[in-house]
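What follows is the residue order along each chain.
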Amino acid sequence: MTKQAQVFDVIAARLALLGRGAYPALFLLCVAFASATTIFLNLDTTAVLLTPVMLALAPKAKIAPLPLAMTTVWLANTASLLLPVSNLTNLLALNKVGLSAPEFAVRMWLPQTVSIAITMALLWVFYWRRGVRGADRYEPAEPEPIKDTLLFWGTATACVLFIAAILAGLQIEIAAIVAAALAIAAYLIRDRGSLRPSLIPWQLLVFVTGLFLVVPTLMRHGLNDLMTALIGTEEGFGGLVRTATAGAGLSNVVNNLPAYVAGEQVVPLANHDQLLALLTGTNVGSVITPWASLATLLWFEWCRRRGVRVPLVKFMLTGAVLAICLLPAVVGVLLLS
């Protein structure tokens, strides 16, 4: 509903205007936009809503689409550490580590900062620098007029209130229900025909429900021993890097959600640092294969729809470099925090 009300389109167009044709400025603005969307609204929001907006912006401003697309997919994963709402894996970990949402953010702000900084550096080297993007400047396009101001401000206000509620420590489920109700109210007034059952993510609900049925079964049939051997029980730097690497590796083989759930089962209850290292690995390390996270799968689908060619070999190789650089650095600052 927020996308249909043009909230993300307006923000993206304004960012392009703010950049004034300078790629370094546009790069910083896009990183900030993708990071904020992931942190406050969830990584799948970045993949589903921000990706098509960025790809639609590219031809209008005569910008190569791949740098914009890679910014959204990498930061959808690597900027998902800070808040419980940023990633479903964070919500799964929250109760087990015994932290409230503000306490979780205090613990993870430094790892999140380092993760975004390293992602920015490699995005520039691999996708944004002059020799890769092939242009010195871009042409900012004038933003399209807002079609319905009530829908625009109603859904935008819902997003802002949701973010404010999360930062204030309100329970996530309450904040989500209130924000959704506000957006629905705007559509009930202006566009009831857009309120349809397909807005509910049934496929995701079925997938997550099935995950919690399948993983325990696999754990009883050999997966428990495999995960114990891969993860270990050490909480020093070497042990935490091992845990994060195991989480990242399994995420890129199957998917980060089952990888986290399976790893969580074998981490001792008292090893909170190890659990956060596993969480770090499954979040920021799931950038190598197209199926490593649901956000990446959704991103690939949007690229296909928009006709954007993603070189798979380059995608996987640069993703591997990113994961290799991220894991020890983020785990190191996790210990410091």
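Residues numbered from 1 in each chain as written. Predicted model: local features only at pLDDT ≥ 70, side-chain atom pairs only at ≥ 80, totals over all residues. Heavy atoms only, no water.

An unreviewed UniProt entry annotates the protein as Na+/H+ antiporter NhaD/arsenite permease-like protein originating from Streptosporangium lutulentum. The UniProt entry for the protein carries this comment under Subcellular location (unreviewed entry): "Cell membrane". (UniProt positions renumbered as here; feature names shortened; annotations may be inferred.)

*Asks:* I'd like a description of the environment of C159, backed by residues and values.
*Replies:* In this fold, C159 is placed in helix 8 (residues 149-167). On the basis of relative accessible area, C159 is assigned to the buried category, the value being 17%. With 177 residues separating them in the primary sequence, C159 and L336 have C-alpha atoms 33 Å apart. Setting aside residues no more than four positions away along its own chain, C159 makes contact with T2 and L41. (Helix = DSSP H or I, 4+ residues; strand = E, 2+ residues; numbered from the N terminus. Buried < 20%, exposed > 50% of the residue type's maximum accessible area, 1.4 Å probe, protein only. Contact = heavy atoms within 4.5 Å.)

*Asks:* Outline unusual backbone geometry, listing residues and values.
*Replies:* The phi dihedral of Q6 falls on the positive side, at around 75 degrees, and the residue is not glycine. Phi at R20 is positive, roughly 55 degrees, even though this residue is not glycine. Note on placement: R20 falls in the loop between helix 1 (7-19) and helix 2 (23-41).

*Asks:* Give a description of the nonpolar core that names residues and reports values.
*Replies:* If you look at the biggest cluster of nonpolar residues, it comprises 96 residues, and the most contacted ones within it are M70, W74, L123, W128 and W299. When residues no more than four places from it in sequence are discounted, the contact partners of W299 are A47, T51, A69, M70, T72, V73, V310 and F315. (Core = buried A, V, L, I, M, F, W, Y, C linked by side-chain atoms within 4.5 Å.)

*Asks:* I'd like to hear about the side chain of T296, residue by residue, with values.
*Replies:* Relative to the assigned elements, T296 resides in helix 14 (residues 294-305). Since its relative accessible area comes to 1%, T296 is described here as buried. Discounting chain neighbours no more than four positions away, the residues touching T296 are V73, N77, S286, T289, P290 and F315.

*Asks:* Tell me about the confidence of the model for the protein, residues and numbers included.
*Replies:* Residues of the protein with pLDDT of at least 70 account for 99%, and the chain-wide mean is 88. Of all secondary-structure elements in the protein, the lowest mean pLDDT belongs to helix 10 (residues 202-231), at 76, while helix 15 (residues 312-336) reaches the highest, 96. (pLDDT = per-residue confidence, 0-100.)

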